[in-house]
Amino acid sequence: MSTHVEAPDVWLSVPARAENVAVVRQALAGLCEALLAEPRVVADVKLAVTEACTNVVVHAYPGREGVMEVEARPVDRTLSVVVRDHGLGIVPRADSPGLGLGLPMIASLSDSVEIRGGADDGDTEVIMTFALDRLSEPAR
Amino acid sequence: MNSEQLAVEQIDGARVLTVRGEHDLYTAPPLREGITAPLDEGVPVIVDLTPATFIDSSILGVLLGGLRRARESGGFFSLVLGDEAEPTVRRIFEVTGLLSVFPIDASSAEALARSRGDGG
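Residues numbered from 1 in each chain as written. Chains lettered and ligands numbered in written order. Predicted model: local features only at pLDDT ≥ 70, side-chain atom pairs only at ≥ 80, totals over all residues. Heavy atoms only, no water.

S.K.: Hey, could you run me through the overall build of chain A in this one?
M.R.: Of the regular secondary structure elements, chain A holds three helices and five strands. When the helices and strands of chain A are read in sequence order from the N terminus, they spell out β-α-α-β-β-α-β-β. Counting the 140 residues in chain A, one finds 46% classified as buried. Across chain A, the fraction of contacts at a sequence separation of at least 24, relative to all contacts at a separation of at least 6, is 69%. (Helix = DSSP H or I, 4+ residues; strand = E, 2+ residues; numbered from the N terminus. Buried < 20%, exposed > 50% of the residue type's maximum accessible area, 1.4 Å probe, protein only. Contact = heavy atoms within 4.5 Å.)

As C-alpha coordinates, this is what we get:
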(Lines give C-alpha, C1' and ligand atoms only; values in the text may rest on other atoms or scores of the structure.)
Protein backbone atom coordinates (compact mmCIF):
# COMPACT_ATOMS: atom_id res chain seq x y z
CA MET A 1 0.00 0.00 0.00
CA SER A 2 1.36 3.40 -0.96
CA THR A 3 1.90 5.91 1.82
CA HIS A 4 1.54 8.78 -0.63
CA VAL A 5 -1.77 10.48 -0.02
CA GLU A 6 -3.30 13.05 -2.32
CA ALA A 7 -5.73 15.48 -0.74
CA PRO A 8 -7.26 18.56 -2.27
CA ASP A 9 -6.56 22.07 -1.12
CA VAL A 10 -9.28 23.50 1.10
CA TRP A 11 -10.77 26.90 0.38
CA LEU A 12 -13.48 28.21 2.67
CA SER A 13 -15.27 31.54 2.75
CA VAL A 14 -17.86 31.85 5.50
CA PRO A 15 -19.55 34.66 7.43
CA ALA A 16 -17.35 35.66 10.37
CA ARG A 17 -19.70 34.36 13.05
CA ALA A 18 -18.98 32.32 16.17
CA GLU A 19 -21.01 29.33 14.93
CA ASN A 20 -18.80 29.03 11.84
CA VAL A 21 -15.55 28.55 13.73
CA ALA A 22 -16.49 24.90 14.33
CA VAL A 23 -17.25 24.48 10.61
CA VAL A 24 -13.72 25.61 9.71
CA ARG A 25 -12.19 23.50 12.48
CA GLN A 26 -13.96 20.33 11.31
CA ALA A 27 -12.98 20.93 7.69
CA LEU A 28 -9.31 21.34 8.61
CA ALA A 29 -9.41 18.31 10.91
CA GLY A 30 -10.85 16.26 8.04
CA LEU A 31 -8.10 17.45 5.72
CA CYS A 32 -5.40 16.58 8.28
CA GLU A 33 -6.85 13.11 8.78
CA ALA A 34 -7.00 12.55 5.02
CA LEU A 35 -3.31 13.51 4.93
CA LEU A 36 -2.58 10.96 7.69
CA ALA A 37 -1.15 13.66 9.94
CA GLU A 38 0.02 12.67 13.40
CA PRO A 39 -2.85 12.95 15.94
CA ARG A 40 -0.93 15.55 17.93
CA VAL A 41 -0.55 17.67 14.79
CA VAL A 42 -4.27 17.34 14.04
CA ALA A 43 -4.99 18.60 17.56
CA ASP A 44 -2.57 21.52 17.17
CA VAL A 45 -4.01 22.52 13.78
CA LYS A 46 -7.55 22.44 15.21
CA LEU A 47 -6.60 24.64 18.16
CA ALA A 48 -4.45 27.12 16.19
CA VAL A 49 -7.05 27.53 13.43
CA THR A 50 -9.79 27.97 16.02
CA GLU A 51 -7.78 30.74 17.70
CA ALA A 52 -7.09 32.51 14.38
CA CYS A 53 -10.77 32.32 13.35
CA THR A 54 -11.90 33.50 16.79
CA ASN A 55 -9.67 36.56 16.35
CA VAL A 56 -11.51 37.32 13.11
CA VAL A 57 -14.96 36.81 14.64
CA VAL A 58 -14.21 38.93 17.71
CA HIS A 59 -11.98 41.69 16.29
CA ALA A 60 -12.19 42.09 12.51
CA TYR A 61 -15.66 43.48 11.92
CA PRO A 62 -16.93 45.42 14.96
CA GLY A 63 -20.62 46.12 14.56
CA ARG A 64 -20.93 44.73 11.06
CA GLU A 65 -20.99 41.54 9.03
CA GLY A 66 -17.85 40.30 7.34
CA VAL A 67 -16.21 37.31 5.76
CA MET A 68 -13.63 34.88 7.12
CA GLU A 69 -11.54 33.14 4.49
CA VAL A 70 -9.45 30.05 5.12
CA GLU A 71 -7.07 28.35 2.73
CA ALA A 72 -5.20 25.16 3.54
CA ARG A 73 -2.61 23.63 1.27
CA PRO A 74 -0.35 20.63 1.88
CA VAL A 75 3.12 20.79 0.32
CA ASP A 76 5.76 18.13 1.01
CA ARG A 77 4.22 16.96 4.30
CA THR A 78 3.82 20.53 5.54
CA LEU A 79 0.39 22.05 5.82
CA SER A 80 0.10 25.78 5.18
CA VAL A 81 -3.03 27.46 6.54
CA VAL A 82 -4.05 31.04 5.84
CA VAL A 83 -6.84 32.74 7.81
CA ARG A 84 -7.81 36.04 6.21
CA ASP A 85 -10.20 38.87 6.98
CA HIS A 86 -11.06 42.09 5.15
CA GLY A 87 -11.74 44.09 8.29
CA LEU A 88 -9.67 45.63 11.06
CA GLY A 89 -7.41 42.64 11.38
CA ILE A 90 -5.27 42.29 14.44
CA VAL A 91 -5.02 45.60 16.25
CA PRO A 92 -4.62 46.32 19.96
CA ARG A 93 -7.94 46.86 21.70
CA ALA A 94 -8.35 48.15 25.21
CA ASP A 95 -11.81 46.54 25.38
CA SER A 96 -10.78 43.12 24.07
CA PRO A 97 -13.12 40.48 25.52
CA GLY A 98 -10.53 37.70 25.24
CA LEU A 99 -7.50 36.72 27.25
CA GLY A 100 -5.04 37.86 24.59
CA LEU A 101 -3.77 34.28 24.42
CA GLY A 102 -4.77 33.62 20.81
CA LEU A 103 -1.64 34.72 18.97
CA PRO A 104 0.85 33.39 21.55
CA MET A 105 -0.96 30.05 21.39
CA ILE A 106 -0.83 30.01 17.59
CA ALA A 107 2.91 30.68 17.81
CA SER A 108 3.35 27.78 20.25
CA LEU A 109 1.23 25.31 18.27
CA SER A 110 2.52 25.96 14.74
CA ASP A 111 5.95 25.42 13.18
CA SER A 112 5.86 28.97 11.83
CA VAL A 113 3.47 31.90 11.90
CA GLU A 114 3.45 35.13 9.95
CA ILE A 115 1.00 38.01 10.10
CA ARG A 116 0.54 40.11 6.98
CA GLY A 117 -1.41 43.33 6.70
CA GLY A 118 -3.31 44.55 9.70
CA ALA A 119 -3.62 48.10 8.43
CA ASP A 120 -6.80 50.06 8.97
CA ASP A 121 -8.74 48.82 5.98
CA GLY A 122 -6.62 46.24 4.20
CA ASP A 123 -6.69 42.46 4.35
CA THR A 124 -5.10 40.75 7.33
CA GLU A 125 -3.65 37.26 6.95
CA VAL A 126 -2.44 34.88 9.63
CA ILE A 127 -0.24 32.34 7.85
CA MET A 128 0.63 29.20 9.79
CA THR A 129 2.57 26.08 8.85
CA PHE A 130 2.47 22.64 10.47
CA ALA A 131 4.82 19.70 9.88
CA LEU A 132 2.35 16.84 9.43
CA ASP A 133 4.67 14.11 10.72
CA ARG A 134 6.15 15.70 13.83
CA LEU A 135 5.80 13.68 17.02
CA SER A 136 6.63 16.36 19.58
CA GLU A 137 6.61 20.13 20.05
CA PRO A 138 6.93 22.30 16.94
CA ALA A 139 10.51 23.00 15.87
CA ARG A 140 11.62 26.58 16.36
CA MET B 1 -25.95 24.03 23.05
CA ASN B 2 -27.94 20.99 24.16
CA SER B 3 -27.94 19.12 27.46
CA GLU B 4 -25.63 16.48 26.01
CA GLN B 5 -22.92 19.08 25.52
CA LEU B 6 -23.40 20.66 28.93
CA ALA B 7 -25.06 18.58 31.64
CA VAL B 8 -25.91 20.37 34.87
CA GLU B 9 -26.49 18.45 38.10
CA GLN B 10 -26.89 19.38 41.74
CA ILE B 11 -24.96 16.85 43.84
CA ASP B 12 -24.38 17.09 47.60
CA GLY B 13 -25.02 20.83 47.54
CA ALA B 14 -22.61 21.48 44.66
CA ARG B 15 -23.29 22.35 41.01
CA VAL B 16 -21.55 19.84 38.74
CA LEU B 17 -21.22 20.90 35.09
CA THR B 18 -20.19 18.07 32.77
CA VAL B 19 -18.74 19.36 29.50
CA ARG B 20 -18.92 17.00 26.50
CA GLY B 21 -17.81 17.38 22.89
CA GLU B 22 -16.27 20.49 21.35
CA HIS B 23 -16.55 23.94 22.92
CA ASP B 24 -15.42 27.34 21.69
CA LEU B 25 -16.55 30.95 21.41
CA TYR B 26 -20.03 29.83 20.32
CA THR B 27 -20.73 27.65 23.35
CA ALA B 28 -18.89 29.83 25.89
CA PRO B 29 -21.89 31.97 27.01
CA PRO B 30 -24.06 29.17 28.48
CA LEU B 31 -21.02 27.70 30.22
CA ARG B 32 -20.21 31.13 31.70
CA GLU B 33 -23.78 31.48 32.94
CA GLY B 34 -23.72 27.93 34.33
CA ILE B 35 -20.61 28.78 36.35
CA THR B 36 -21.30 32.30 37.54
CA ALA B 37 -24.93 31.89 38.65
CA PRO B 38 -24.26 29.25 41.35
CA LEU B 39 -21.03 30.94 42.46
CA ASP B 40 -23.00 34.15 43.03
CA GLU B 41 -25.35 32.14 45.27
CA GLY B 42 -22.46 30.66 47.24
CA VAL B 43 -22.89 27.23 45.67
CA PRO B 44 -19.67 25.24 45.01
CA VAL B 45 -19.00 24.71 41.29
CA ILE B 46 -17.26 21.72 39.73
CA VAL B 47 -16.58 21.65 35.98
CA ASP B 48 -15.86 18.16 34.65
CA LEU B 49 -13.85 18.44 31.42
CA THR B 50 -13.08 14.72 31.21
CA PRO B 51 -15.62 14.00 28.41
CA ALA B 52 -14.77 17.19 26.48
CA THR B 53 -13.04 16.61 23.14
CA PHE B 54 -11.96 20.19 22.42
CA ILE B 55 -11.78 23.54 24.21
CA ASP B 56 -10.19 26.81 23.09
CA SER B 57 -9.01 30.01 24.78
CA SER B 58 -12.61 31.33 24.90
CA ILE B 59 -13.46 28.45 27.23
CA LEU B 60 -10.23 28.95 29.14
CA GLY B 61 -11.32 32.54 29.68
CA VAL B 62 -14.66 31.40 31.08
CA LEU B 63 -12.90 28.97 33.44
CA LEU B 64 -10.45 31.65 34.60
CA GLY B 65 -13.40 33.97 35.17
CA GLY B 66 -15.02 31.32 37.38
CA LEU B 67 -11.81 30.80 39.33
CA ARG B 68 -11.41 34.55 39.90
CA ARG B 69 -15.02 34.92 40.99
CA ALA B 70 -14.71 32.05 43.44
CA ARG B 71 -11.51 33.47 44.90
CA GLU B 72 -13.04 36.92 45.30
CA SER B 73 -16.13 35.56 47.05
CA GLY B 74 -14.45 32.80 49.04
CA GLY B 75 -16.36 30.21 47.03
CA PHE B 76 -15.34 26.77 45.73
CA PHE B 77 -14.39 26.18 42.09
CA SER B 78 -12.69 23.09 40.74
CA LEU B 79 -11.94 21.47 37.39
CA VAL B 80 -12.03 17.72 36.87
CA LEU B 81 -9.60 16.19 34.38
CA GLY B 82 -9.76 12.42 34.73
CA ASP B 83 -7.14 9.98 33.45
CA GLU B 84 -9.22 9.41 30.34
CA ALA B 85 -9.43 13.12 29.49
CA GLU B 86 -8.57 13.94 25.88
CA PRO B 87 -4.91 14.87 25.27
CA THR B 88 -6.31 17.70 23.12
CA VAL B 89 -7.97 19.23 26.17
CA ARG B 90 -4.88 18.84 28.35
CA ARG B 91 -2.85 20.41 25.54
CA ILE B 92 -4.35 23.89 25.91
CA PHE B 93 -3.52 23.93 29.61
CA GLU B 94 0.06 22.88 28.81
CA VAL B 95 0.51 25.42 26.02
CA THR B 96 -0.76 28.28 28.15
CA GLY B 97 0.99 27.16 31.33
CA LEU B 98 -2.31 27.33 33.21
CA LEU B 99 -2.36 23.72 34.43
CA SER B 100 -0.91 24.79 37.78
CA VAL B 101 -3.26 27.77 38.14
CA PHE B 102 -6.48 25.77 38.48
CA PRO B 103 -7.49 23.45 41.30
CA ILE B 104 -7.75 20.16 39.37
CA ASP B 105 -9.25 16.92 40.64
CA ALA B 106 -9.05 13.49 39.05
CA SER B 107 -12.77 12.77 39.50
CA SER B 108 -15.95 14.61 40.38
CA ALA B 109 -16.21 12.45 43.52
CA GLU B 110 -12.82 13.77 44.62
CA ALA B 111 -13.86 17.34 43.85
CA LEU B 112 -17.13 16.88 45.76
CA ALA B 113 -15.23 15.56 48.78
CA ARG B 114 -12.98 18.63 48.70
CA SER B 115 -15.99 20.94 48.34
CA ARG B 116 -17.37 19.44 51.58
CA GLY B 117 -13.98 19.89 53.22
CA ASP B 118 -13.44 16.12 53.45
CA GLY B 119 -9.90 16.28 52.15
CA GLY B 120 -7.34 18.32 50.30
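Don't stop here, the text continues.
S.K.: What should I look at first to understand the pattern of salt bridges in this one?
M.R.: Where side chains of opposite charge bring their charged atoms close, a pairing between them can arise. Under the criterion given, the structure shown has 18 salt bridges over all chains. Measuring nitrogen to oxygen at the nearest pair gives 2.8 Å for the salt bridge that ties R84(A) to E69(A). Taken together, the residues R84(A) in strand β3 (residues 78-85) and E69(A) in strand β2 (residues 67-75) connect sequence positions 15 residues apart. The class for R84(A) is buried, based on a relative accessible area of 12%. Ionic pairing is found between E94(B) and R91(B), a salt bridge with its closest N-O pair at 4.0 Å. With E94(B) and R91(B) both in helix α3 (residues 87-96) and three residues apart, this pair spans about one turn of that helix. The partly exposed category is assigned to E94(B), whose relative accessible area is 46%. Using a relative accessible area of 6% as the deciding quantity, one classes R91(B) as buried. The structure contains a network of salt bridges with shared partners spanning E69(A), E71(A), R84(A), E114(A), R116(A) and E125(A). (Salt bridge = Lys/Arg side-chain N within 4 Å of Asp/Glu carboxyl O.)

S.K.: What exactly am I supposed to notice about the sheet that holds strand β2 (residues 14-19) of chain B here?
M.R.: What holds strands together in a sheet is hydrogen bonding between their backbones, with the strands either parallel or antiparallel. All names here are of chain B. Ordered by their spatial adjacency, five strands build an open sheet running β1-β2-β4-β6-β7, and the pairing between neighbours is mixed. Each edge of the sheet is formed by a strand with only one pairing partner; in this case those strands are β1 (6-11) and β7 (104-105). For strand β6 (residues 77-80) and β7, the ladder comprises two bridges, and the chain directions are parallel. If you follow V80 over to β7, its bridge partner there is D105. Contacting β1, β2, β4 (45-48), β6 and β7, helix α4 (residues 108-115) crosses the sheet at an angle of about 165° to β6. (Pairing = 2+ DSSP bridges. Axes fitted to C-alpha atoms, helices over the stretch in contact; angles between N-to-C directions.)

S.K.: Can you help me understand the packing of aromatic side chains in this one?
M.R.: Where two aromatic rings form a pair, the distance of their centres and the angle of their planes describe that pair. Residues and elements named next belong to chain B. On inspection of all chains with the given rule, the structure shows one aromatic pair over all chains. Consider the rings of F93 and F102, whose centres lie 5.8 Å apart with planes at 90°: the pair is edge-to-face. Grouping residues by exposure puts F93 and F102 together as buried. (Phe/Tyr/Trp six-rings, centres within 6.5 Å; stacked < 30°, edge-to-face > 60°.)

S.K.: Got a minute to help me understand the packing of helix α2 (residues 57-73) of chain B against α3(B) in this structure?
M.R.: The relative placement of two packed helices comes down to the angle between their axes together with the axis-to-axis distance. All names here are of chain B. Where α2 meets α3, the axes come as close as 11 Å, and the angle between the chain directions of the two elements is 75°. The pairing of α2 with α3 is recorded here as roughly perpendicular in orientation. Contact with α2, carried on its side by S57, L60 and L63, involves I92, F93 and T96 of α3 and no other residues of that element. Of the residues that constitute the contact of α2 with α3, the class distribution is four nonpolar, two polar and no charged. (Parallel < 35°, antiparallel > 145°, perpendicular 65-115°, else oblique. Nonpolar A, V, L, I, M, F, W, Y, C, P; charged D, E, K, R; others polar.)

S.K.: Would you mind going over the interface of chain A and chain B with me for this structure?
M.R.: Accessible area lost upon the coming together of the parts serves often as the stated size of an interface. Contact residues are listed per partner, giving 23 residues for chain A and 19 residues for chain B. The interface formed by chain A and chain B contains four salt bridges. Where chain A packs against chain B, one counts six residue pairs in polar contact (both at pLDDT 80 or more). Of all the secondary-structure elements, those providing two or more residues to the side of chain A that touches chain B are α1 (18-34), α2 (39-60) and α3 (102-109) of chain A. Residue composition of the side of chain A that touches chain B, by class: twelve nonpolar, four polar and seven charged. (Polar contact = N/O pair within 3.5 Å; in protein donor to acceptor, adjacent residues only side chain to side chain.)

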